[in-house]
Amino acid sequence: MLYSSHNQLLTSPQARKRRASVAFLKYLYEFAALPQEIREGYMQKLLKRKNSAAQKNVALLKTIYEHIRTDNIISWDEDKISAELGITKDMLYCHKTWLLKGIRKFYFNRSENKTSAKFRIDYNRDQCELNRAKSLIDTGMRREAKSILLSLERKLLAKQRNSEKDKVILFYISRYLCQYFYSIKSENKFRKYSRLAVKHYMFLLRKAKAANVQPDPDLKINYCYCRSFMATYHVKHIEDLAEGRKYLEEALEETGKREDKSIRSDLLMNIANIYTSEPGGFLNAEKFAAEGISNAAEYGSTAEIYAFKIVQLHLKFLQKQIDAEGCIKKLNEYFILADKPELKPSFRRIILTKAVFLSSSYRDSSVVYHYFQKLNSMEILNFGFDSSFRSLYSAKLKLYTDNLFIMQPEEFAGTTCLIAKIPDPHNLKKLHDTIEELLLNFRKIPDFYFIKEMYLYMLIAALCSGRNFDTGQFAYITRKIEWLNKSRGKAVEIANKKTFELVKFFSAMMENVSFVSKQEFISRYYKEFSEKISTFLENPSGSHYGLCSFIAEQTGYKEFKEIIRNLYSRLVTKYPAYFRTENITT
């Protein structure tokens, strides 16, 4: 299809229908993010009920699981499903809501009794509700906590006058909602609650000074968290990170006034993480990471010890103190020891982000996809679909492009080479489906780096048609990338620059191969093709070998094919484990 404008990126009637209802993507990815054993366990729980096999919600759950099992989320059709179940769309919505709520409670192992004694004490009810919300946040059920906090806020604001205790509770409500909306990047609500948190804190500080008493250190710590979120919401300059880090260091000083090793550990992790992004910050990052290990050891958290060790491993890799092989081996060892149920969601998010970064430099793309999947699942379940948007689709796009071509064995110079002659139709379809999902959500993509990355995958998908690729579509997407490069600064221009140059060169080859003589074609493209292949050998990407091989086959000229066969020999010599066998056919 031809992408004529961003308002008409999806032109078919079916696509326009899907664009009008994208909520199902979020809903199904919630289920897909859950571990397989959790989904099976929840189904077994429902099937234990009397006459469960005939119930609508069980039939709906089976339909959901089938879409996930076949990786066919894009084909979800609520009209068809409603008809098959014999229910209205409103009732379908109710069943969907009940199922998601139930399986989340099952996953997070929450079983709460709202009528317990502590909730029957009127004067303590509000504080108990706040504590319950905080408990949910700590386990990862942030959306459920958000509902409790908003309800509690409405109740307190409905009073004619708030006591000082009410103001304390309102401060914590604003502080937790500020963090929630920071996580999902909902700017208007984030700004609202961050300002309210500051306002309530200043009121409580004035009250403490008027009474000539020391304010609660916990208030100062949480106020500093809010100020750190405010400083780092839009990171346009490195100074924004530094400002946010200074507030966290101020909060760290306050922890000396209270015996809470857990909060201290959380601050040490966040400070060390920010220092890894600051120029010249590696020594300080190492210092805080080492202190984090010591602090975690004092209160017996093995998971947090190894989370800090992953931060240290990241620093070693950045400073070239460890090679990729050794780094991945250590990463896998540390992650198994860190990935425990008691590890805080904030810790898990940081170490998974670092694991994705470290494994992306490793030749075996299955490693980075393994950590991508864990990061996607964690972000979706703890922070929601929107917060995981980039990592989810980056992982899917990389997976499908890394397996985009069927590798066929062929004899060359006495050895067997793997050559890509045709795209794999299954993975090509999955790539197109993923791109379509992205286009459904295009207006929600705030990250220009990711927009450029998405366009590049679209160009690779277009080149899979070889000599018959759509030149109009390719030219349109290319202009979009060039516009981003010119309008969004040097950093965006540099990002994925080699890939962009490679696919543009390949498109020129495919556009001209049918219209110029063999001699002219070789004269025009042979030298540059050979140079680009040599450059590729220095830092090979999982998907690019297949693309290079496919383009050489599409030329039909042995001169280009020989370059690829020589590349194969050099790759297996330099990187013995580079080629995997999942996508090889005879």
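Refer to the structure presented above.
A brief look at the structure comes next. For clarity, every value in this text was computed on a predicted model and none was experimentally measured.

Side note on the overall build of the protein
In step 1: Scanning the protein for helices and strands turns up 27 helices and 2 strands.
In step 2: Across the 586 residues in the protein, those meeting the buried criterion constitute 51%.
In step 3: Taking the contacts inside the protein whose residues are at least 6 apart along the sequence as the reference set, 66% of them involve residues at least 24 apart.

Some remarks on the packing of aromatic side chains
In step 1: Under the definition given, this model contains 30 aromatic pairs.
In step 2: Put simply, the rings of F505, F506, F521, Y525, Y526, F529, Y557 and F560 pair up and form one aromatic cluster.
In step 3: A cation over an aromatic ring shows up here: K167 above the ring of F203, its NZ or CZ 5.1 Å from the ring centre.
In step 4: Taking NZ or CZ as reference, K309 lies 5.9 Å from the ring centre of Y306, over its face.

Examining unusual backbone geometry
In step 1: Phi is positive for N212, which is not a glycine, with a value near 60°.
In step 2: Relative to the helices and strands, N212 is located in the loop between α10 (187-210) and α11 (217-232).
In step 3: Judged by its relative accessible area of 72%, N212 is exposed.

Some details on the pairing of strand β2 (residues 415-423)
In step 1: Where strand β1 (residues 405-412) and β2 come together, 8 bridges link them in antiparallel fashion. Of the residues in β2, the one forming a bridge with F405 is P423.
In step 2: Counting the residues in the hairpin turn of β1 and β2 gives 2 residues, including A413, whose phi is positive at 50°.

Quick word on the nonpolar core
In step 1: Counting 185 residues, the largest nonpolar core has F31, I64, F506, M509, F529 and Y545 as its most contacted members.
In step 2: Looking at which element gives the most residues to this core, the answer is helix α21 (residues 448-463), with 12 residues.
In step 3: When sequence neighbours within four positions are dropped, the list of residues in contact with F506 reads L463, F529, L547, C548 and I551.

Some words on the pattern of salt bridges
In step 1: Here the structure, examined in full by the defined rule, presents 31 salt bridges.
In step 2: In this structure, the salt-bridge partner of K89 is D79, at a minimum N-O distance of 3.4 Å. With K89 in helix α6 (residues 89-108) and D79 in helix α5 (residues 78-85), the pair connects residues that are 10 residues apart, well separated along the chain.
In step 3: With its nearest N and O atoms 4.0 Å apart, the salt bridge here joins K561 to E553.
In step 4: Where salt bridges share partners, they join E410, K421, E553, K561 and R565 into one cluster.

Some remarks on helix α3 (residues 36-47)
Helical periodicity: at 3.6 residues per turn, an α-helix aligns residues three or four positions apart in one direction.
In step 1: Relative to the 16 Å expected for 12 residues at 1.5 Å per residue, α3 spans 17 Å between its end C-alpha atoms, a close match to the ideal helical length.
In step 2: Buried residues of α3: I38, R39, Y42, M43 and L46, and no others. Viewed along the axis of α3, the buried residues span an arc of 135°, placing them on a single side of the element.

Comments concerning the packing of α21 against helix α22 (residues 471-487)
In step 1: Relative to each other, α21 and α22 sit at 155°, their axes nearing to 10 Å. With respect to their mutual orientation, α21 and α22 come out roughly antiparallel. α22 is crossed by α21, and the crossing has left-handed handedness. For the pair α21 and α22, contact is made by F448, I451, K452, Y455, L456, M458, L459, A462 and L463 and by Q473, F474, I477, T478, K480, I481, L484 and N485, respectively.
In step 2: Within the contact of α21 with α22, the residues separate by chemical class into 12 nonpolar, 3 polar and 2 charged.

Digging into the packing of helix α15 (residues 302-318) against helix α16 (residues 324-338)
In step 1: The interhelical angle for the contact between α15 and α16, taken along N-to-C directions, is 165°, at an axis separation of 8 Å. Classified by the angle their axes make, α15 and α16 are roughly antiparallel. At the point where α15 passes α16, the crossing takes the left-handed sense. Where α15 abuts α16, its residues T302, A303, Y306, A307, K309, I310, L313 and F317 lie against A324, C327, K330, L331, Y334, F335, L337 and A338.
In step 2: Of the residues that constitute the contact of α15 with α16, the class distribution is 13 nonpolar, 1 polar and 2 charged.

Some thoughts on helix α14 (residues 282-298)
In step 1: Relative to the 24 Å expected for 17 residues at 1.5 Å per residue, α14 spans 24 Å between its end C-alpha atoms, a close match to the ideal helical length.
In step 2: Buried within α14 are the following residues: A285, F288, A289, G292, I293, N295 and A296.
In step 3: Lining the buried residues of α14 we find α12 (238-254), α13 (261-275) and α15.
In step 4: Immediately downstream of α14, the backbone of G300 shows phi near 75°, a positive value.

Cut-offs used in this document
- Each chain carries its own residue numbering, running from 1 in the direction its sequence is written.
- This being a predicted model, a pLDDT of at least 70 is required before a residue's local features are given, and a value of 80 or more before pairs of side-chain atoms are given or counted; all residues contribute to the totals for chains, interfaces and linings.
- Side-chain measures here rest on the full set of heavy atoms in the structure, leaving out hydrogens and waters.
- Only DSSP runs of H or I with at least four residues qualify as helices, and only runs of E with at least two residues qualify as strands; both kinds are numbered from the N terminus onward.
- Throughout, exposure labels follow a simple rule: accessible area from a 1.4 Å probe, protein chains only, divided by the maximum for the residue type, with under 20% read as buried, over 50% as exposed, and the rest as partly exposed.
- Contacts are assigned to residue pairs that have any heavy atoms within 4.5 Å of one another.
- Pairing of aromatic rings covers Phe, Tyr and Trp, the last counted by its six-membered ring, and requires centre-to-centre distances within 6.5 Å; plane angles under 30 degrees mean stacked, over 60 mean edge-to-face, and any other angle means tilted.
- Two conditions define a charge located above a ring, namely a distance within 6 Å from the ring centre to NZ of Lys or CZ of Arg, and an angle within 35 degrees of the ring normal.
- By the convention used here, strands pair only if DSSP detects at least 2 bridges between them.
- To form a nonpolar core, buried Ala, Val, Leu, Ile, Met, Phe, Trp, Tyr and Cys residues must be joined to one another through side-chain atoms within 4.5 Å.
- In what follows, salt bridge is the name for a side-chain nitrogen of Lys or Arg lying within 4 Å of a carboxyl oxygen of Asp or Glu.
- To estimate how far a helix should extend, the number of its residues minus one is multiplied by 1.5 Å.
- Note that the arc is defined by the directions from the helix axis to the C-beta atoms.
- To define axes, lines are fitted to C-alpha atoms, for helices over the stretch in contact only, and angles between the resulting N-to-C directions are given on a 0 to 180 degree scale.
- An angle counts as roughly parallel when it lies under 35 degrees, as roughly antiparallel when it exceeds 145, as roughly perpendicular when it falls between 65 and 115, and as oblique in every other case.
- In this scheme the handedness of a crossing depends on how the near helix is turned from the far one: anticlockwise by less than a right angle means left-handed, clockwise means right-handed.
- Three classes are used, and their members are as follows: Ala, Val, Leu, Ile, Met, Phe, Trp, Tyr, Cys and Pro are nonpolar, Asp, Glu, Lys and Arg are charged, and the others, Gly among them, are polar.

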